[in-house]
Amino acid sequence: MPRMTAADAAVAILRREGISCVFGLPGAAINPFYAAMRRDGGIRHTLARHVEGASHMAEGYTRARAGNIGVCVGTSGPAGTDMITGLYSASADSIPILCITGQAPVARLHKEDFQAVDIATIAGPLTKMAMTVLEPAQVPGAFQQAFHLMRSGRPGPVLIDLPFDVQLAEIDFDPETYQPLPVYQPAASRAQVAKALDMLAAAARPIIVAGGGIINADAADLLTEFAELTETPVVPTLMGWGAIPDDHRLMAGMAGLQTAHRYGNATVLASDFVLGIGNRWANRHTGGLATYTAGRTFVHVDIEPTQIGRVFAPDYGIVSDAGAALRLFVEVARERRAGGQMADRTAWVQECRHRRATMQRRTHFDNVPIKPQRVYEEMNRAFGPETRYVSTIGLSQIAAAQFLHVYRPRHWINAGQAGPLGWTTPAALGVCVADPDTPVVALSGDYDFQFMIEELAVGAQFNLPYIHVLVNNAYLGLIRQSQRGFDMDYCVQLSFDNVNAPEVGGYGVDHVMVAEGLGCKALRVTEPGEIGPALEEAKKLMAEYRVPVVVEVILERVTNISMGTELDNVVEFEDLAERSEDAPTAVVALLD
């Protein structure tokens, strides 16, 4: 039997499990693992500037491609606690990432050693497994179980904590005979699918709510085929955006209190049957449950048994991987269509399309300072359907979901439930590592951008080019809008007179100077007519220098973005589109 250090065994298992790159920061307690990676020579390492940044890079890497698992590595103590936000974000959105931390020697774990913290206990509630490996011979089993758990059932993160002496100890291990454990996925039965289709057939105005589970299962094509077979309009959730192309005739718009379309909300309210697949009825999607559920029958399909009935009791629940369920839905629907058993949904589909053609929000404004809606209009012109968008939280992200267009799965990459500020930059870098050939466009408000701005240097160092659209109003815009309910504007202004950059006009931080100091390229735009040319120039700079390119757009200080408390109580703060000229980049042209 070959003998090797436990750290060498861990690296060998990473390779056998398909891992070819990791994100992290070395440190004294994890150096044996880094030495093992160096000996192996087959794993690409991206050096982050902050361990939280490394965890979000791992998230971006996982989210970009089906089957990916991002790995982040850090030393003992604060490295693990820095990863907690990444573990939370990954857990909340059902994203598998593996966090590996160093630890003090086993004999010193109870002695309050330098940078020794019980990270397994801290991370436990946010992971599918969090384990400090106390015996060197347990290392292979711990890593094997980690990959099994991350891939089985509802995906999620794992943390493995490796004491220094455990990493260095020699064990018997044969990498050549190592095999990953079989993955377990619950699957719907034919009888369950037939019953759900019977319920759908009895409805007059059905919709499908398509959640992020469809993206995770790589089942977007099956969803689209099923919608076409049954002539059922689709309402994606924020995490499911891209599961059906935005220009598809059955795309009915997103629903919710913030990241939603007027026509999407109206279609949900007009429906009488909802088939939810791979979704969790998030509160920002549903709003008040009394309004959301009134007069509608619900079927809920989800991979996690405890999600069925968690938010409200559906009329029928099916525990299944979204892909497994959709394969059966398509099979049975094909049979029923061939047998002439499908209802004619022409009138309902036309009704939904009419709402989409008459209920657009206005994007075309010529104001100076720039209104944010115009930024998204210009982004739609500049970036094609192959573009991957990355964003996390704030008015910038909410408006993006209202105005941008997404045509493919995994082309809207968003920290949906956790929404940690600072997530966008490192996540975008992880996406670039996962798929360097697809254009990546990140979107941040100024506060999100400032949180982990140092990670731009990672993009410069490792030649990870992408475009970062920075919409700057020098405000905590979403919090300011929320404070309207408290009749205050308190502790949310980021503006100040920068003595080193009077040209920024009181907007505070000179993001262009900071970005350039970190090795990137940057442009600043102050008038709406400059946005399009700046985005085209950014493409050229990105191609020439192979670094991130920041396009900062100076916005008006205050813009309230559409949102509300119920699906039927969303406040519109701006004039709505009345003519096609008011929303010239809308996928469906306005009926004037």
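Here is what the cut-offs are and how they apply
Residues numbered from 1 in each chain as written. Predicted model: local features only at pLDDT ≥ 70, side-chain atom pairs only at ≥ 80, totals over all residues. Heavy atoms only, no water. Helix = DSSP H or I, 4+ residues; strand = E, 2+ residues; numbered from the N terminus. Buried < 20%, exposed > 50% of the residue type's maximum accessible area, 1.4 Å probe, protein only. Expected span 1.5 Å × (residues − 1). Pairing = 2+ DSSP bridges. Axes fitted to C-alpha atoms, helices over the stretch in contact; angles between N-to-C directions. Contact = heavy atoms within 4.5 Å. Salt bridge = Lys/Arg side-chain N within 4 Å of Asp/Glu carboxyl O.

1. Considerations on unusual backbone geometry
The residue after valine 368, namely proline 369, is reached through a cis peptide bond having omega 0°. One can find proline 369 in the loop between helix 15 (346–358) and helix 16 (372–382). Positive phi is not limited to glycine here, since aspartate 218 has a value of about 55°. For aspartate 218, the location among the structural elements is in the loop between helix 9 (212–216) and helix 10 (220–230). Positive phi is not limited to glycine here, since cysteine 491 has a value of about 60°. Assessed through its relative accessible area of 62%, cysteine 491 is described here as exposed.

2. Some words on helix 23 (residues 531–545)
The terminal C-alpha atoms of helix 23 lie 21 Å apart, and with 15 residues this matches the ideal 21 Å at 1.5 Å per residue to within 8%. Listed in full, the buried residues belonging to helix 23 are Ile531, Gly532, Ala534, Leu535, Ala538, Leu541 and Met542. Remark: arginine 546 follows helix 23 within two positions and exhibits a positive phi of approximately 55°.

3. Digging into the pairing of strand 13 (residues 316–319)
The two faces of strand 13 differ: Tyr316 and Ile318 on one face are buried, but Gly317 and Val319 on the other face are not. Across four bridges, the pairing between strand 12 (residues 297–302) and strand 13 is parallel. By the bridge assignment, aspartate 302 is partnered in strand 13 with valine 319.

4. Considerations on the sheet that holds strand 3 (residues 44–47)
Reading across the sheet, the six strands line up as 3-2-4-5-7-6 and stay open at both edges, with parallel pairing between neighbours. For this open sheet the edge positions go to strand 3 and strand 6 (129–132), each flanked by a neighbour on one side alone. Neighbour-to-neighbour, the strand axes of this sheet turn through a mean angle of 20°, independent of strand direction. Strand direction decides the pairing type here: strand 4 (residues 70–74) and strand 5 (residues 97–103), joined by five bridges, are parallel. Considered in strand 5, the bridge of valine 73 is made with isoleucine 100. Together, strand 5, strand 6 and strand 7 (158–163) form the strand contacts of helix 6 (residues 139–151), whose direction differs from that of strand 7 by roughly 170°.

5. Some points on the pattern of salt bridges
A complete count under the given rule lists 29 salt bridges for this structure. Between arginine 3 and aspartate 172 there is a salt bridge whose closest N-O contact spans 3.0 Å. Here aspartate 172 lies in strand 8 (residues 170–172) and arginine 3 lies in strand 1 (residues 3–5), a separation of 169 residues in the sequence. In this structure aspartate 172 comes out as partly exposed when scored by relative accessible area, which is 46%. For arginine 190, the salt bridge identified is with glutamate 331, shortest N-O distance 2.7 Å. Linking arginine 190 in helix 8 (residues 190–201) with glutamate 331 in helix 14 (residues 322–338), this pair joins segments that are 141 residues apart in sequence. Each of Asp366, Arg374, Glu377, Glu378 and Arg381 takes part in one network of salt bridges that share partners.

No statement about biological role is implied by the geometric values presented.
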